[in-house]
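Okay, here's what each chain looks like letter by letter:
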Amino acid sequence: MPDSNEPQGAVRKPIDKQALLARYRAERDKRLRDDGNEQYLQLKGQLSHYLDDPYTPRVEREPKTDHVTFAFIGGGFAGLVAGARLKEAGIDDVRIVEKGGGFGGTWYWNRYPGAQCDTASMIYMPLLEETGHMPSEKYAHAPEILEQCERIGRKYGLYDNALFHTEVTGVEWDEARSRWIIRTNRGDEFTADFIGIGNGPLHVPKLPGIPGIESFEGHSFHTSRWDYGYTGGDPKGAPMDKLADKRVAIIGTGATSVQAVPHLARSAKELYVFQRTPSSVDVRANIPIDADWFASVATPGWQQRWLENFTANQAGGSADEDLVQDGWTDLSRRIRAKIGQIPREQLTPQKMLEAFEDSDFEKMEEIRARVDGIVEDHETAQKLKAWYRQLCKRPCFHDQYLQAFNEPGAHLIDTDGKGVEKITETGVVVAGKEYPVDCIIYASGFEVGTEWTRRSGFDLVGKDGLKLSEAWADGMKTKHGLHVHGFPNAFFVQPTQGANLISNIPHNLTDSARTIALVVKTALERGAKEVEVTQEAQDDWVALLLTGPGRMMIGSPDCTPGYYNNEGKDPGPAAKYNVGYPAGASAYFKYIEDWRNSGQFEGLAFR
Ligand code: NDP
C-alpha cells in the first residue's frame, strides 16, 4: 500500500547512486566560490536604510539607569519564554531589550506575504497551553505567530518593563557588585543581577554582493522589511494590488522566497525569480485545525507531550505513535524503516549511514519527480530540481510554490549556479541579458557564519575583563549550551551544545527557560549573589560533546554551498564544537529534566 504521505509522481525505479552522486558533485562544484561568506554585503553605511523598521514608528524615551533582577537581550521566542517562566517563578522585574519595535523577533520582522511556520504549530508556537490559544492551522501563518508572541507578552506582563527599538551595545560584569551593566544605543546604562541572551541565529539581514547593486534606481527592499506601502496588501494576505502594473524581481529561492513567490506571482504584472540554487520543495498539506479535535487532544500537559513526541519521532528517539505527522517525522520514519531492514548482525555505523543515504536518495528523487508532476513548462521544471541531499540545505514544504511558475507572468531566471551577474540602474542582468524591473526584492537571507560579536552588536565582558569573543576564540565552550565559565549569572539561550534540535528550535528554548527560572529562583532563595559553571564541569561537558558523531549529514563539505556548510568553505577547527548532546535530543531533554529535578545543579557553583 502506498504511504499516505507519498507525493504525486513518486518514483519506484532503481536509483543509480553513482550517477546521482556525480550529478550532486557537479552541481556543487559550479557553485563553489573563493569568497564564501565574504560574498555578501553587510547592511551599513549607504545600505543601512535596508534595516529601517517599516512596521513601528520609533518613540523617544528617557534613558534607563535603574536596576532589575533579570535583563534579557532579545524579545523573540527565547526572551518571551524565559520571561514567562521567570514570572511564574515569582521574579517580577524582568526587562526584555529588543531591537524591533515590539515582541516577536523573527516574527516581528518577517511579515512577507505567505510567511508561515514550517514546523507544525502545535509544537512550534510556544506556550499554547499556558495562553489557551488554539492554532488555526497545522502550519500557522506569520500574523498568528506574531499575535501569540504579543499574547505571551501581555499575559506575563512583559511589556511593562520592555525596551523596544533598543540595541544593546555593551554588557559588562561588575565584579564589586556581582551584577551586569547593560549599555544600549538609546543611552541606557542599567544593571541586572542576571542576564539572558537570546538574540537568535538569523536576525541580521544581508544582501548579495552583486556588482552594481547600489546603482539600481527603482524600488528595493529585503524580505524581512517588507514594504507593503509599495506593494499594497498586508501580512494577512490582502492582494498586493499596487504591483498590478509592476515588473518585480525577487533574488533568492530559499525558504523565504518559496513562501513569498506564490503571492508575488499572483499580484505582479511580471515576476522574475532569480535562482542560484533551487530549494527542495516537498508537500505541505496544510489544514485548518478543528476545534473539536483540538479540544480532544488539548488535555492538561498536552503541549509538552506533543513536544516530546515530535522529538522522539524526529531526533534519534523512538515513539509508538507520531502525533505531529509532518515532513520532518516522515523523513525520520523512512530512515528508521531503512535501518530496520538491515539484519541485526550487519548493523554497523557504516551500514546505518548507507541506510540514511539510501533513504535520502529516494526522498530527493520523489521531490524532483514532484516538480515534473506540477510545473508545466519542461525546461522550467528541470531548472527547479534540487541536486543535493535533502539536509544540505534547509528543506522547504509548499503546495503553491512550484505551481506559481505556471502563472503566465512568472518567469524563472536560472543563473546556472553562478548568481546574478550585475544590477544596473534599471534592472537585473543574467548571462548578459538585462531584465528591466521596477522593484527588486532581496530574499537573500541573513548573516550566519560571521562573528558572533558582529551579529549581536556587542561583546560580553565577564570576570577579570574576559571577553566572550576571547573565551570562544577557539570555539564555543559551555555547559548545556547555557552556562559559560567566567560569565556568572548569564544564560545563553540557543540550541547548540544542548539538545541541538534544529527541526523545532522552540523546544530548545522553552526547555532552557525552565532551567533559567529554576536556577535564578534557587539562587535568590539561597541568597547566592553569583551562579557560575565551574571550569571542570564545563570541560567535562565539552569533552562529552566531542565523543558524539559530529554534524553528520548536515553541513558536510560535499554539500552544495550554503549557510549549513559555511558556504562551502572549511569552517575551521572551531566548528567541531557546534554539536549537541551525543545521545540525541530526546535523551538530552530527559537528562536535563533529571538534572533539574535532582536539585543538585551539578556543575554550577552558587556563592
Ligand atoms: P537563504 O539564505 O536560505 O536564501 C538566500 C537565497 O539567496 C538563496 O537562494 C541564495 O542562493 C540566494 N542568493 C544569494 N546570493 C545570490 C546571488 N548573488 N544571486 C542570486 N541568488 C543569490 O535565506 P531565506 O531568507 O530564504 O531563509 C533563511 C532561513 O530562515 C531559512 O533557511 C530558515 O532557516 C529560515 N526560514 C524559516 C521559515 C519558516 O520556518 N517558515 C521561512 C523562511 C525562512 P544559494 O542557495 O545559491 O546560496
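Definitions and cut-offs
- Residues numbered from 1 in each chain as written.
- Predicted model: local features only at pLDDT ≥ 70, side-chain atom pairs only at ≥ 80, totals over all residues.
- Heavy atoms only, no water.
- Helix = DSSP H or I, 4+ residues; strand = E, 2+ residues; numbered from the N terminus.
- Rg over C-alpha atoms; globule rule 2.2 N^0.38 Å.
- Contact = heavy atoms within 4.5 Å.
- Areas by Shrake-Rupley, 256 points an atom, 1.4 Å probe, with all protein chains shown as cover.
- Lys, Arg positive; Asp, Glu negative; His and termini not counted.
- Charge placed at Lys NZ, Arg CZ, Asp CG, Glu CD.
- Disulfide = S-S within 2.5 Å.
- Buried < 20%, exposed > 50% of the residue type's maximum accessible area, 1.4 Å probe, protein only.
- Pairing = 2+ DSSP bridges.
- Axes fitted to C-alpha atoms, helices over the stretch in contact; angles between N-to-C directions.
- Near = heavy atom within 4 Å.
- Polar contact = N/O pair within 3.5 Å; in protein donor to acceptor, adjacent residues only side chain to side chain.
- Nonpolar A, V, L, I, M, F, W, Y, C, P; charged D, E, K, R; others polar.
- Core = buried A, V, L, I, M, F, W, Y, C linked by side-chain atoms within 4.5 Å.
- Expected span 1.5 Å × (residues − 1).
- Arc of directions from axis to C-beta.

Student: Hey, could you run me through the overall build of the protein chain in this one?
Tutor: Counting its regular elements, the protein chain contains 19 helices and 21 strands. Relative to a compact globule of 607 residues, whose C-alpha radius of gyration would be 25 Å, the protein chain shows 24 Å and is just as compact. Principal axes of the C-alpha set define a box for the protein chain whose edges measure 70 × 65 × 55 Å. The long-range share in the protein chain, meaning contacts at least 24 apart out of those at least 6 apart in sequence, stands at 72%. Carbon and sulfur atoms form 50% of the exposed surface of the protein chain, whose accessible area is close to 25,400 Å². Each charge class in the protein chain was averaged separately, 70 positive and 87 negative side chains, and the resulting centres sit 1 Å apart.

Student: Would you take a moment to explain the state of the cysteines for this structure?
Tutor: What makes a disulfide is a covalent bond joining the sulfur atoms belonging to two cysteines. Counted under the stated rule, the structure contains 1 disulfide. A sulfur-sulfur distance of 2.0 Å marks the disulfide that ties Cys 392 to Cys 559. Measuring the twist about the S-S bond at about -70°, one finds the Cys 392-Cys 559 disulfide to be left-handed. One end of the pair, Cys 392, is in the loop between helix 13 (378–383) and strand 12 (396–397); the other, Cys 559, is in the loop between helix 18 (535–545) and helix 19 (585–598), with 167 residues separating them in the sequence. Residue Cys 392 is classed as buried on the basis of its relative accessible area, which comes to 3%.

Student: Just to check I follow, could you spell out the sheet that holds strand 17 (residues 439–442) for this structure?
Tutor: Whenever strands of a sheet pair, they do so through backbone hydrogen bonds, lying parallel or antiparallel. With parallel pairing, the 5 strands of this open sheet are ordered in space as 8-17-9-10-13. Since the sheet does not close on itself, it has two edges, and those belong to strand 8 (219–222) and strand 13 (410–414), each with one partner. Between one strand axis and the next, the sheet turns by 20° as a mean value, whatever way the strands run. Where strand 10 (residues 270–275) lies against strand 13, 5 bridges are found, and the strand directions are parallel. Looking at strand 13, one finds that Phe 274 is bridged to Ile 413. Docked against the sheet, helix 8 (residues 255–267) engages strand 9 (247–251), strand 10, strand 13 and strand 17, running at close to 160° with respect to strand 10.

Student: Would you explain the site of the ligand in this entry?
Tutor: Neighbouring residues of the ligand: 26 residues in total, closest Gln 116, Thr 256, Thr 277, Lys 393 and Tyr 563. Between Asp 118 and the ligand, the recorded distance is 3.5 Å, taken from a backbone N or O atom to a nitrogen atom. Within the backbone of Gly 254, one N or O atom sits 3.4 Å away from an oxygen atom of the ligand. Burial of the ligand by the surrounding chains reaches 88%, relative to a free accessible area of 910 Å². Broken down by element, the shell around the ligand gets its largest block of residues, 3 residues, from helix 8. Residue composition of the shell around the ligand, by class: 12 nonpolar, 10 polar and 4 charged.

Student: Help me understand the nonpolar core in this model?
Tutor: Soluble globular proteins: nonpolar side chains tend toward being buried together. Core analysis: the biggest nonpolar cluster contains 109 residues, and Phe 70, Trp 226, Leu 271, Tyr 401 and Ile 516 have the highest contact counts within it. When residues no more than four places from it in sequence are discounted, the contact partners of Trp 226 are Pro 54, Tyr 55, Arg 111, Tyr 112, Pro 113, Phe 221, Thr 231, Met 240, Leu 264 and Ile 441. Among the nonpolar cores identified, the runner-up in size contains 23 residues, and Ala 71, Ala 192, Phe 458 and Val 484 belong to it.

Student: Got a minute to help me understand helix 1 (residues 17–31) in this structure?
Tutor: What sets the pattern is the α-helix's 3.6 residues per turn: residues three or four places apart point alike. Between the first and last C-alpha of helix 1 there are 21 Å, a value that for 15 residues agrees with the 21 Å anticipated at 1.5 Å per step. Those residues of helix 1 lying buried are Leu 20, Tyr 24, Glu 27, Arg 28 and Arg 31. Along the axis of helix 1, the buried positions cluster into a sector of 100°, meaning they face one direction only. Tucked into the core, helix 1 has its buried residues touching helix 12 (349–374).

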